[in-house]
Structures are given as structure tokens and as C-alpha cells.
Amino acid sequence: MADDIIALSRFRAALARARGTRRLDELLADPQAPTLVPTLPALDVFYLIQEVGLEASSELVAMLSPEQFQACLDLDAWQGLAPASERAWPWLAALSEAGFERLVFVLDHVDLELLTLLLSTEVRVYDMTQEEEPESLDNAAWQSPDRFFLVELLSPPDSERQSQIIRLLEDLYRGDLAFAKNLLMALRWELGAAIEEEALRFRVARLQDLGFPDPDEALRLYTPIDPASVKIGEGTQDPLDPQLDPGAAPPATLPAPYVDPLRRGGFLADVLATITDERELSRLFHAMTLLANHALGADRVAAGDLGAVEAGARRAAATLSLGLESVAGADLVRGRQALATISLRRLFRVGASLAWQVATLARVLVKTGRVGRARGRHDLLDPPLDAVFDALLGPGHRPAYAVALDQPTTPPDPAKPQHRAFASVADVRRAAHALAEAQLYADLVHDGLRLDPGALPPTREDLRLGALLGTAAARIILGDTEVRKPLSPDEALRLRSLLCPTGDSPSPEALTRVERAFSAVLEHAKRPAPPTGIAALVADRLGAIARELGRLAPGTRPDPRFMASLWLDSPGPAG
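All values reported here derive from a predicted model rather than from experimental measurement.

Focus: the environment of Glu197
Okay, so step 1: Looking at the secondary structure, you find Glu197 in helix α12 (residues 193-209).
Okay, so step 2: The exposure class assigned to Glu197 is exposed, which follows from its relative accessible area of 57%.
Okay, so step 3: It is 9.4 Å that separates the C-alpha atoms of Glu197 and Glu113, two residues lying 84 residues apart in sequence.

See below:
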């Protein structure tokens, strides 16, 4: 029992682990920090430095192993397939603060090809032993202490970069003469596409060792899968890396950006909180790190962009949680069994496939042209349905969940994100229900009432399906058989006396009358309707009309500019 408590507390400790400056202070305050820091996972160290900033992390950078420092350069000092010198030089500057001995020790283990590429745009090297001394120089120059090389500095005169390069070369000569000469010889003779390809090849191999796949492999993570084909007990679980066995090494941990989504809760976090086996936690943490790395690679997220990494990690954790909940049927015991017997990639693909299925339904409906003024548009949908389609079919390459569905009656806050990743089966159900609602609106307008949104006046681009259905409902209440024309302000006043004579709520009689009429037209059109769909739609439309009309002072004619729930044909004086 005591062992269970210790293991359980370790998971909760992972959620509560300090971040940023507090985490850095804790590390540096440890008397064993110089020994401890080089043993930390490279991703942990890298993201900690990204959080705190290089300038505030110089003491930590001084303790990095050469492998950790190389990993930091691999993760942050590249732009696409080429080195990004502007991102690399701050790392070199931070390392130089540790002194020339540490600088030389670390750089001696960093790719010579990468250092050559970083310096190639900053200097021009002349080999004095080959009598290459130029007659004149356009820029300042530095001569090596052995007088074998003359280095022309191409950066602006008196710039900080010039000073940094001179200090770097002097430190290299001071600490390792052979290494310094090899670097300058490479700068003199080995420039070109070949050395860039070599540096990139080495970098890709090292990133793969960290769990970052090449982009093509990463994209396979989003290959659709039949959710029903993923079953508990199938035996595809991710193996435990022998190097991460708690009996032989410290337990595996999650990098800070990857553990943060678990603090937000969700089914995945709930299941992990019940796991008490140390080996199982290490296995899952390692597998989750690899999964997050694959997801970031598939989404083309640069590791040096901490904000994008955190957002990508949230998407990955949410998608994994959705897939796990779907396979486990929202049962915690089955959730543990699923994590123990199914690979996290397959669970992730289940979550991604469920989101794609919802998006596919939305895409099919949009292509029919029944929810927009033209095919491929959904500009006839009212809030929050329009936000649902925006999230599912927006410019992003992954279907997203509209946060408006969480609070459909609350106006959206433009300062906050309007979309997030699907994170639960409830999210999928709410989005699917919204699509069914949009389908019902379209069926009623086009097939039941035979309204033609394309024939609307071009000056009324604000009209949407909700207003058209509201107007048709109003005609039914008024006893008018022609439901395809707008109301006059006087008719709207008469509607008020029939719909909500005592306040701003629709009368039961009006609700029943419109519900029966809409059901009849759908039945006549042979369009199916969900059992409660018509009732909910009618209550929503008549409720919106009653609230707008109920706000009017007695005898005041409604102004179309302030009536979103009805189609009025002419403006009246503002009340």
C-alpha cells in the first residue's frame, strides 16, 4: 500500500512540478546541480531555457553537457532545412559566458559542419601559408595568433557580432589549437551545398534520437483509422525503453509543455492518476513524449516557438484523451487496460478520426449549398452554428471544436481563442448535434417551406436561416398561408399580441401550433426529423422573437435594424 501511495504521489508531483524561473531556481539551488543537470533529458532542459530566456539561463547553460547543447542548437537554430544563424549566436554567446575552457569542451563535441555554416556568412578566411593575403580589405580583419590565417569580418563594423566572433576565435585558439585550425580550414575550403547537406543529415539523425520523426513519417499520425478496429487487449502497446527502466535509471518524466495539458484534467489525466506502477508510468511518459514530438512534427511546429509548442502539446493531449475515452467507454478501469495494451499512436488516431468524421459531415452539408448563399459557404447559419462550421472547416488543417458550444447563449469573447481541439466524446456529440441542427434548419427552409435564400434581397445579407424560419413561424401564428414573405412592422406588432401577450416568453399555444406545422411540412417533404429536434428548434426561434418583441415599449413599431430573429420588409421609426 505504501508503494502505491508513493507512485501515485509521483504522478501528482509531475502535475505540480514547478516551471520557469521557479524550476530554474530549484535546480541551481541543488548542491549537486553540476552533476544533476547533464543527466536531465535534453528536451526538459531546452524547454526550461525557452521559458526563462537565454539571458537568465547562463548559469544553467554553463552546466549543459555537449549532447544537451547540441540538442538545443538542433531544436532552435534551424529554419526549415537551413541553419538560422540569428538564432544560433545567442546560444554561443550564452555558452561563452561559462569561460573558454567550457566553451571549447562543448564545441569540440558539436558538429564542425554546423559551426562552419554558422560562421560562413560572417567571415572570409585567407590562408596565409598559401600566400593568400589580400592587397586590401573592405572590412575589419582578425589575424590568428599563429599567423596562419587572416579572417575578414563581414558583419557591420563595431557590431556586437564582430566582437562575439573575435572572442569565439580567440577562445578556441586559447583552448584547443587543433580544433581552431580545423574550423578555419573548413571555412576556407569546405563551403558549399555538400557541407550543408551533411549538417542537415546529422541533425535529422539526432532529432530522431530525441523522438522527432521526419515530416513525412510524422504525418502518418493523422492517417484515418476505423475507431471500432482499435480494441483493448490487442497487444500493440508501446514498449518500455530498457534505458528508462526505473530499476536502472531515474524514472522518465514529461517535458514541461507536455505535462501542462494534464493539469487541465480530462479523461487521460484521470486514468493516469489511477496508475500506481512505476514502470508503467515511465513507459507511458516516454510514449507520450514521443507522441507529442510526432504531433508537433506533423503540424510543422518549430521547437523554438514555445507558444506554438504548448498549443501543439494541448492538441496532442486532447486528441489522445478523446481516443482513449472512446475506446474505453469513459470507464477508468478500461482506460488503464487500454493504455496498457494499445499504442498511444493508435489511440491518438482514433481521436483524430472522430474529429475528421464530424468535419466530413460538415463538409458534405456545405457542398450542398443549403447552408450558404453559394456552394461551399455556410453564411446562412446563425450563431453558434456558424462558429461550429468555422472551427471544423476553417483555414487550419485540423478540425477544431468551437468553444461557443460550451456556452451557446453567451456572446463570444474576441480576446479569447474561439476554437480548441476535440478533447472528449461529449465534444464530439455536441458538435454532431449542432450539425444535425444545421441540417434540420436547411431541410425546413429548402424542402419543407420551399424558401429560396438565393432569392433574398441583395441588401439583406444579414438574413440567415434562423430569421427565415422565425418569419415562417410568425406567419403560421398570424394565420397566413404564405410563409415566404417578410413581415411588415404592423404585422410584427400583431404577432407580439399573439405570441407573448404577457411578457417576453412565447405562449404554449403558439409553440404547439408552429411545432405541428413544421412537423407536417417536413413529413410532407419526406425529410426525417429527430424526435426532439423540431420542438427544440421552435422553442429557440419563438423564444428569440419573443425576447426581441418583448423589449419594445407598448405601441412601438419594431425597427428591422434591431430584429435579428425576423425578416421585416421596411424600417420603422426607432422607438
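Focus: the sheet that holds strand β4 (residues 141-143)
Okay, so step 1: The three strands lie next to each other as β3-β5-β4, forming an open sheet whose pairing is antiparallel. What marks the edges here is a single partner per strand, and that holds for β3 (123-127) and β4. Between one strand and the next, the sheet's axes are offset by a mean angle of 20 degrees, whatever the strand orientation.
Okay, so step 2: Alignment of β4 against strand β5 (residues 149-153), held across three bridges, turns out to be antiparallel. Directly across from Trp142, in β5, lies its bridge partner Val151.
Okay, so step 3: Here helix α10 (residues 160-175) sits on the sheet and contacts β3, β4 and β5; the angle it forms with β5, its principal contact strand, is near 160 degrees.

Considering the pairing of β3
Okay, so step 1: Of all five residues that make up β3, four are buried, and the element is covered over most of its length.
Okay, so step 2: Bridge analysis of β3 against β5 gives five bridges, and the strand direction is antiparallel. Across the sheet, residue Val123 finds its bridge partner in β5, namely Leu153.

Here we look at helix α4 (residues 42-52)
Okay, so step 1: Counting buried positions along α4 gives ten out of eleven residues, so the element sits mostly inside the fold.
Okay, so step 2: The set of residues buried in α4 consists of Ala42, Leu43, Asp44, Val45, Phe46, Tyr47, Leu48, Ile49, Gln50 and Val52.
Okay, so step 3: A positive backbone phi angle near 100 degrees is found at Gly53, which sits one or two residues after α4.

Remarks on the confidence of the model for the chain
Okay, so step 1: Per-residue pLDDT for the chain averages 87, and the proportion of residues at 70 or more is 93%.
Okay, so step 2: When the elements of the chain are averaged for pLDDT, helix α1 (residues 2-16) gives the smallest value, 51, and helix α18 (residues 332-341) the largest, 97.
Okay, so step 3: Across residues 1-9 the pLDDT falls below 50, and counting only partners more than four positions away or on other chains, this stretch makes six contacts in the model.

The rules we used
- Residues numbered from 1 in each chain as written.
- Predicted model: local features only at pLDDT ≥ 70, side-chain atom pairs only at ≥ 80, totals over all residues.
- Heavy atoms only, no water.
- Helix = DSSP H or I, 4+ residues; strand = E, 2+ residues; numbered from the N terminus.
- Buried < 20%, exposed > 50% of the residue type's maximum accessible area, 1.4 Å probe, protein only.
- Pairing = 2+ DSSP bridges.
- Axes fitted to C-alpha atoms, helices over the stretch in contact; angles between N-to-C directions.
- Contact = heavy atoms within 4.5 Å.
- pLDDT = per-residue confidence, 0-100.

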